[in-house]
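Report on the structure
Listed below, chain by chain, are the residues.
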Amino acid sequence: DDETRDRLMCGDLSEETKLPRELIARFMRMWTTRDQRFCVTVTDENVLPASAVAELIRNLGVHSELLCDSIGRVISGGQDVDFPRFVRGYAELHARTLREALPFAFKVFDLDEDGLLGPHEFKTVIDETLLRQR
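Presented here is a report on the structure given in the accompanying data block. Owing to the predicted nature of the structure, the values given are computational and were not obtained by experimental measurement.

1. Some points on the overall build of the chain
- Along the backbone of the chain there are seven helices and two strands.
- Counting helices and strands in the order they occur from the N terminus, the chain gives α-α-β-α-α-β-α-α-α.
- Relative to a compact globule of 134 residues, whose C-alpha radius of gyration would be 14 Å, the chain shows 15 Å and is just as compact.
- With respect to the three principal axes, the spread of C-alpha positions in the chain is 50 × 30 × 30 Å.
- Residues counted as buried form 36% of the 134 residues belonging to the chain.
- When contacts within the chain are restricted to residue pairs at least 6 apart in sequence, long-range pairs at least 24 apart make up 47% of them.
- Of the side chains in the chain, 18 bear a positive and 25 a negative charge, and the two mean positions are spaced by 5 Å.

2. Concerning the packing of helix H4 (residues 65-76) against helix H5 (residues 83-93)
- For the pair H4 and H5, the least separation of the axes is 9 Å and the interaxial angle reads 130°. In terms of orientation, H4 and H5 fall into the oblique class. Crossing of H4 over H5 shows right-handed handedness. Counted together, Ile71, Ile75 and Ser76 of H4 and Arg85, Gly89, Tyr90 and Leu93 of H5 form the full contact between these two elements.
- Considering only residue class, the contact of H4 with H5 consists of four nonpolar, two polar and one charged.

3. A look at the nonpolar core
- Of all hydrophobic cores here, the largest spans 33 residues; its most connected members are Trp31, Leu48, Phe83 and Phe86.
- Sort the elements by how many residues they give to this core and helix H2 (residues 21-32) lands first, with six residues.
- Filtering out sequence-adjacent residues up to four positions away, phenylalanine 83 remains in contact with Met9, Leu13, Ile24, Phe27, Met28, Trp31 and Asn46.

About the criteria used
- Residues numbered from 1 in each chain as written.
- Predicted model: local features only at pLDDT ≥ 70, side-chain atom pairs only at ≥ 80, totals over all residues.
- Heavy atoms only, no water.
- Helix = DSSP H or I, 4+ residues; strand = E, 2+ residues; numbered from the N terminus.
- Rg over C-alpha atoms; globule rule 2.2 N^0.38 Å.
- Buried < 20%, exposed > 50% of the residue type's maximum accessible area, 1.4 Å probe, protein only.
- Contact = heavy atoms within 4.5 Å.
- Lys, Arg positive; Asp, Glu negative; His and termini not counted.
- Charge placed at Lys NZ, Arg CZ, Asp CG, Glu CD.
- Axes fitted to C-alpha atoms, helices over the stretch in contact; angles between N-to-C directions.
- Parallel < 35°, antiparallel > 145°, perpendicular 65-115°, else oblique.
- Left-handed = near helix turned anticlockwise from the far one by under 90°.
- Nonpolar A, V, L, I, M, F, W, Y, C, P; charged D, E, K, R; others polar.
- Core = buried A, V, L, I, M, F, W, Y, C linked by side-chain atoms within 4.5 Å.

Following this line, the structure appears as structure tokens:
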């Protein structure tokens, strides 16, 4: 049944991402009920349009337009986002070690997506981050 499938998915995603199962289950409830604060734009096909990922990231507490857009771009890869992809992206955003965080952070900082991190991109993201911490 659907409840068993969802429980198994939460367990599998928890094991894969190292995020707490309870957090993933809470995200799943918000996703499936289209929680007004976070997941209102999840479609009937149970995906979040790529264009709405940045808004979801903003609603989860990232307050910089630049960072929300860039994180949303990295998580979506330009495609609509299903629940497992969202959880995996969220886990990368909240990586626990530098080794885990660097690939995601590099993609977020690579604003022009050319595979290189130029001084202007680095400065832009650092300035935006520092501005938001004040």
